[in-house]
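# Structural description and commentary
The residues making up each chain are set out below.
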Amino acid sequence: MSRHHITLTVNGDPYELDIDPRRTLLDVLRDELELRGTHLGCDSGDCGACTVLLDGEPVPSCLVLAVDADGRAVVTVEGLLKDGEPHPVQKAIVAHGGIQCGYCTPGIVVSSVALLKRNPQPTEEQVREAIAGNLCRCTGYQKIVEAVMAVGK
Amino acid sequence: MPTEQLDIVGTSSIRVDARDKVMGKAIYIDDIQVPGMLHGKVLRSRYPHARIVRIDTSRAEKLPGVLGVVTGADVPFIHGESLLDEPFLARDKVRYTGEGVAVVAAVDVATAEHALELIRVEYKELPAVFDPVEATEPGAPLIHENVGTYTRAASNIKPIPGTNICNHFQLKTGDVEKGFAESDYIFEDTFTTPMQAHCCIETHGAIALVDDETNITVWANNDSPHRARKEIASAFKVPMTKVRVIIAPYVGGNFGGKGGLKAEAVALAIAWKVRNRPIKIMYTREEEFCSTIGRHPSVVRMKTGVKQDGTFVARAVKIYLATGAYAEKGPTVSTFAGISGAGPYRIPNLSIDSYCVYTNRQLAGAFRGYGGPQTAWAYESQMDIIAHKLGLDPVELRLRQVYVDGDRHANGQILKSEGLRDCLVQVAESMEWNSKPLGKNQGRGVALMERAIKTPFGSAAFVKVNEDGTVDVLSSTTEVGQGSATIVCQIVAEELGVPMASVRKAAPDTAFTPYDASTTSSRSTFHMGNAVKMAAADAKQQLLALASKLLKASPDDLTITQGKVHVKAMPERALPISKVLSENYGASGTVLGRGYYYPEMPEGESNYFSRYMVFWLLGAQGAEVEVNRETGEVKILKIYAAHDAGKAINPMTCLDQIRGGVTLGAGFALSENLMFKGGTVLNPSFLSYPVPSALDAPEIEPMAVEYAHPDGPYGAKGIGETTNVPTPPAIANAIYNAVGIRIKDLPITPDKVLAALKRKDER
């Protein structure tokens, strides 16, 4: 299999990679760049555990071929930290108790950060819509929604 | 129970795992890489029941990058928790569509997938059976010809030879026929439930390594490392010292689905053949839906005799649970369904038969509620049918019939510390049962539940006090999201007298963390809570003895607060734990506390899933719904949920368990249904199998009732597992209250609602 050369900016750092064209952005983030906070849940874009920001927009990275991310900027859950401190959304989710198994949590954090960037004071309905593509089997969502709204206030 | 001053237990301490999880630092099984690791993929059966005529793996073996291919013939071993009936890969015949037939090990996943396409399997189809009631009838195709001779975990697992029944549980009290004869009314109804899928967002995964000396190491996201270790050692006929099970630091959801051997079994099969290389198998989402386990589809027939005034006289319950192609935990699920099959009520004459039945479909096993959702759906739906017929208020009827301390349970046990009545009272009060006005097409309903708890099984723990005064807890309880790591740390911090931040719970590893039966059945807070409390108390006594000479006081006059040993009456006469250790032991100080909890049992009880229960899981829920008469859609306005925690060690995590459980129960009530055509799953994806999203999840008012249990740590018992159980019947009862229709088959989809409304209008 021929390999393709791509450049990616991930969490502010530039990378040059030679990759198998069948690899998804999720594969490359996890296996090549060792950024394992982004999770594989369904491999079909239905669960949102692999959500990252691609040029600022939340996308399921399991549905993006890595070659299609060539030249673009990616932010993963690890990239939301500022000076080693968690993002306000991360702090709020911890404080409100919107975490159980935690497997969906990074994707929910990324979707919520994207929402707050375009809509700093979302309503409950808007928060629920923004994370509707992030499935959580543990929490019932209520505390996550409250946490995101608390950041917006 | 004496009141104690508690500093950490009873507070909503932030979860110890929250920060790692929210920052993406938590390590799950798929994050673990072992040097030299290969990747495995599984070839699966496309037939529900077929003889394997031959398998040709030669082309796959020659593919560059393939290290080996294994089939059932290479691994002549059998495993199973309660009944030894399951091969690691199908041998001679396949019993369900999706069963593993061969495994490939290759340098990467893509190569392994390619190799699967090169394997040729020739099958000869056999007649199959899918319905649990049909499967019990004479002439049904036999799925396991030798069920009568399979090795059983205990004599109370009762297969019926020559049938598809792999367990028949019976419970009789009084004289049920006489009771029916004395009744004024007889109610007979049949209720059904479909298969619900666990849908953990993290799929099953395992890495297996078998070396030339048959030392077996498995890394997994299994919920119960010691149970898995024993199952592996028994199957491969090696001493337990040769088997090491290491659990990933975090498990991405469980709900009962990650027990037993799933990905572990197929990873072990290939590792048995391809030695000295760790081989990782991560399940796909489709494999999760088709080749793991789900909730037992059920048929429950309930016949109840009551007096004119609503007094219950007799009840006969027949429960059929479709367990799929292998028994897995089905026999004990059917036992629990049977024990609680008549509901948490005083009924003098009872006859309960619970059948666990093989079918040619994917397996059913442990799933949040473990028999509870199926039986509560039946007994709580019928409760409202009875109340309506007799013109009684549903809450009032339940208050009259619900058992309380001192009553005798159907299992013969005299009940103690039963907070169920309190749960119902709290729900009725918070939903203003008698007074709150509701709108058009809106209604309210309630439902109760009880469920057995796996008894009698032990839990052990070590508490290691380190040189600097910090504390490691060695416990094999797995953190699957339920919050046990936090609970364990809170109990140790409280008992030992150190800050929460000083305590760390290790991830389970059978080489180091001591025995624990399982992280299941909502048993951890009670059993492991007792074990770590004992271990912490043991460590504390040792520290006080060591400090006695230094502080010139008797150990009885000393205590530990905030990590300092001090004279009780004089907090200023104190020494940090680190100093107590260094003054006694120089640079090499440590203290090791140990605890083992095993419940005291009445004489003559079985030691494997006994009928006697060390405690009961109890809860009540109320639902308010609105039914759209045009579309048939049911909107849940609010769920009120009160569950008996005994004592909430961490109120926040208790309430989280209720919110999550109710949401899972709401999915089971209104939408979730793993559909089959013959043996084939029709909707094996999140797109076609609707897990509640943030837009679907109902508003919930969770309540943790604290009806202290005398044997629980600080009075605590389990709460999490059955918080989904009363939700579907509470919703169905609210629908009846809203528009007068009774749905007896889950899920309550719009088409069923419209059809029932049409039937009602035609009457």
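What you see is a predicted model, and the numbers here were worked out from it, not measured in a lab.

Calculation rules
Residues numbered from 1 in each chain as written. Chains lettered and ligands numbered in written order. Predicted model: local features only at pLDDT ≥ 70, side-chain atom pairs only at ≥ 80, totals over all residues. Helix = DSSP H or I, 4+ residues; strand = E, 2+ residues; numbered from the N terminus. Buried ≥ 20, exposed ≤ 12 C-beta atoms within 10 Å, placed from the backbone. Rg over C-alpha atoms; globule rule 2.2 N^0.38 Å. Contact = placed C-beta atoms within 7 Å. Axes fitted to C-alpha atoms, helices over the stretch in contact; angles between N-to-C directions. Parallel < 35°, antiparallel > 145°, perpendicular 65-115°, else oblique. Left-handed = near helix turned anticlockwise from the far one by under 90°. Nonpolar A, V, L, I, M, F, W, Y, C, P; charged D, E, K, R; others polar. Arc of directions from axis to C-beta. Pairing = 2+ DSSP bridges. pLDDT = per-residue confidence, 0-100. Right-handed = clockwise from strand over helix to strand, strands pointing away. Core = buried A, V, L, I, M, F, W, Y, C linked by C-beta atoms within 7 Å. Domains from an automatic or database assignment.

### A look at the overall build of chain B
Along the backbone of chain B there are 18 helices and 32 strands. Its C-alpha atoms give chain B principal-axis dimensions of about 85 × 70 × 50 Å. Across the 763 residues in chain B, those meeting the buried criterion constitute 60%.

### Here we look at the overall build of chain A
Secondary structure summary: chain A contains five helices and five strands in total. Walking chain A from its N terminus toward its C terminus, one meets helices and strands in the order β-β-α-β-β-β-α-α-α-α. For a compact globule of 153 residues, the expected C-alpha radius of gyration is about 15 Å, and chain A comes in at 15 Å, within 12% of that figure. Overall, the C-alpha framework of chain A stretches about 50 × 30 × 25 Å when taken along its three principal axes. Taken across its 153 residues, chain A has 55% of its residues classed as buried. Within chain A, contacts between residues separated by at least 24 positions form 57% of all contacts whose residues are at least 6 apart in sequence.

### Some details on the packing of helix H2 (residues 88-96) of chain A against helix H5 (residues 142-152) of chain A
Residue and element names in this part refer to chain A. It is at 8 Å that the axes of H2 and H5 come closest, and there the two elements cross at 135 degrees. The angle between H2 and H5 places the two elements in the oblique class. Here H2 and H5 pass one another in a crossing that is right-handed. Counting all contacts with H2, which are made through Pro 88, Val 89, Ala 92, Ile 93 and His 96, the residues of H5 involved are Lys 143, Ile 144, Glu 146, Ala 147, Val 148, Ala 150 and Val 151. Classifying every residue of the contact of H2 with H5 by side-chain character gives nine nonpolar, one polar and two charged.

### As for helix H15 (residues 577-585) of chain B
The α-helix advances 3.6 residues per turn, and as a result positions three or four apart in sequence lie on the same side. Residues and elements named next belong to chain B. Residues Ile 577, Val 580 and Leu 581 constitute the buried set of H15. Taken down its axis, H15 places every buried residue within 95 degrees of arc, on the same side. Elements in contact with the buried residues of H15: strand S21 (459-465), helix H14 (524-551), strand S25 (564-567) and strand S26 (570-576). A positive backbone phi angle near 65 degrees is found at Gly 586, which sits one or two residues after H15.

### Thoughts on the sheet that holds strand S24 (residues 558-561) of chain B
Residues and elements named next belong to chain B. Spatially, three strands are ordered S24-S25-S26 in an open sheet, and the strand pairing comes out antiparallel. Of all the strands in the sheet, just S24 and S26 have a single pairing partner and so form its edges. Mean inter-strand twist for the sheet, computed between neighbouring axes without regard to direction, equals 35 degrees. Sheet topology note: the S25/S26 ladder contains four bridges and is antiparallel. Each residue of the ladder has a partner; that of Val 565, found in S26, is Leu 575. Against the sheet, H15 contacts S25 and S26, and its axis sits at roughly 55 degrees relative to S26.

### Notes on the confidence of the model for chain B
Looking at chain B, the pLDDT average stands at 97 and 100% of residues meet or exceed 70. For this predicted complex, the interface confidence reaches an ipTM of 0.98, while the overall pTM sits at 0.98.

### Observations concerning the pairing of strand S4 (residues 57-60) of chain A
Note: strand S3 (residues 51-54) of chain A against S4 of chain A, four bridges, orientation antiparallel. Bridge pairing in S4 of chain A links Leu 54 of chain A to Glu 57 of chain A.

### With respect to the pairing of strand S18 (residues 349-358) of chain B
Residues and elements named next belong to chain B. Counting buried positions over the 10 residues of S18 gives nine, a clear majority of the element. By the bridge criterion, eight bridges tie strand S9 (residues 165-173) to S18 in an arrangement that is antiparallel. Of the residues in S18, the one forming a bridge with Thr 173 is Leu 350. Bridge analysis of strand S17 (residues 312-324) against S18 gives 10 bridges, and the strand direction is parallel. Pairing of Ile 319 across the sheet is with Ser 354, part of S18. Note that the unit made of S17, helix H9 (residues 330-339) and S18 has a crossover that is right-handed.

### A short note on H9 of chain B
Taken across its 10 residues, H9 of chain B has 10 buried, putting it largely inside the fold. When we look at burial in H9 of chain B, the residues that qualify are Gly 330, Pro 331, Thr 332, Val 333, Ser 334, Thr 335, Phe 336, Ala 337, Gly 338 and Ile 339 of chain B.

### Quick word on the sheet that holds strand S32 (residues 700-705) of chain B
Residues and elements named next belong to chain B. Strands sit in the order S20-S28-S29-S32 across an open sheet of four strands; the sheet is mixed. On the outer flanks of this sheet lie strand S20 (442-451) and S32, each paired with one strand and no other. Pairs of neighbouring strands in the sheet enclose a mean axial angle of 15 degrees, with direction left out of account. Note: strand S28 (residues 617-627) against strand S29 (residues 634-644), nine bridges, orientation antiparallel. Directly across from Ala 620, in S29, lies its bridge partner Ala 642. Contacts from helix H12 (residues 420-430) reach S20, S28, S29 and S32 within the one sheet, and its direction differs from that of S28 by about 25 degrees.

### Description of unusual backbone geometry
A cis amide bond, omega -10 degrees, links Thr 455 of chain B with the succeeding residue Pro 456 of chain B. Relative to the helices and strands, Pro 456 of chain B resides in the loop between S20 and S21. Residue Leu 746 of chain B is joined to Pro 747 of chain B through a cis peptide bond whose omega torsion reads -5 degrees. Phi is positive for Asp 83 of chain A, close to 55 degrees, though the residue is something other than glycine. Looking at where Asp 83 of chain A falls in the secondary structure, it is placed in the loop between strand S5 (73-75) and H2. Judged by the 4 C-beta atoms lying within 10 Å of it, Asp 83 of chain A falls in the exposed class.

### Notes on the nonpolar core
Residues and elements named next belong to chain B. Core analysis: the biggest nonpolar cluster contains 295 residues, and Val 266, Ala 267, Val 463, Val 492, Val 532, Leu 543 and Ile 735 have the highest contact counts within it. Of the residues forming this core, the biggest block, 12 residues, is contributed by H14. Among residues more than four places away in sequence, those in contact with Val 266 are Gly 40, Val 42, Phe 88, Leu 89, Gly 100, Val 103 and Ile 281.

### Some remarks on the domain arrangement of chain B
Many structure descriptions define interface size as the accessible area lost when the parts assemble. Residues and elements named next belong to chain B. For chain B, the assigned domains read domain 1 (18-26 + 457-597), domain 2 (32-126 + 202-252 + 258-291) and domain 3 (294-454 + 606-762). In this structure, domain 1 and domain 2 have C-alpha centres spaced 38 Å apart. Listed by partner, the interface residues are 16 residues for domain 1 and 14 residues for domain 2. Here the side of domain 1 that touches domain 2 is built from residues that sort into seven nonpolar, six polar and three charged.

### What about the interface of chain A and chain B?
Across the contact, 41 residues belong to chain A and 44 residues belong to chain B. At the level of secondary structure, the elements contributing two or more residues to the side of chain A that touches chain B comprise H2, helix H3 (105-118), helix H4 (124-130) and H5 of chain A. Per-class residue counts for the side of chain A that touches chain B are 21 nonpolar, 11 polar and nine charged.

### Examining the domain arrangement of chain A
All names here are of chain A. Under the domain assignment used here, chain A contains domain 1 (4-80) and domain 2 (88-152). A C-alpha centroid distance of 21 Å is found between domain 1 and domain 2. At the level of secondary structure, the elements contributing two or more residues to the side of domain 1 that touches domain 2 comprise S3 and S4. Of all the elements, S3 adds the most residues to the side of domain 1 that touches domain 2, at three residues. Taken together, the residues that form the side of domain 1 that touches domain 2 break down as eight nonpolar, five polar and one charged.

### Structural notes on the environment of Lys 91 of chain A
Among the secondary structure elements, Lys 91 of chain A is positioned in helix H2. In the structure, Lys 91 of chain A is positioned 10 residues away from Leu 81 of chain A in sequence and 11 Å away in space, judged by C-alpha atoms.

### Description of the packing of helix H16 (residues 651-670) of chain B against helix H17 (residues 727-739) of chain B
All names here are of chain B. Packing of H16 against H17 brings their axes to within 8 Å, and their N-to-C directions diverge by 55 degrees. When the interaxial angle is binned, H16 and H17 end up oblique. Relative to H17, H16 is oriented so that their crossing is right-handed. Contacts between H16 and H17 involve Val 662, Gly 665, Ala 666, Phe 668 and Ala 669 from the first element and Thr 727, Pro 728 and Ile 731 from the second. In terms of residue class, the contact of H16 with H17 is made up of six nonpolar, two polar and no charged.

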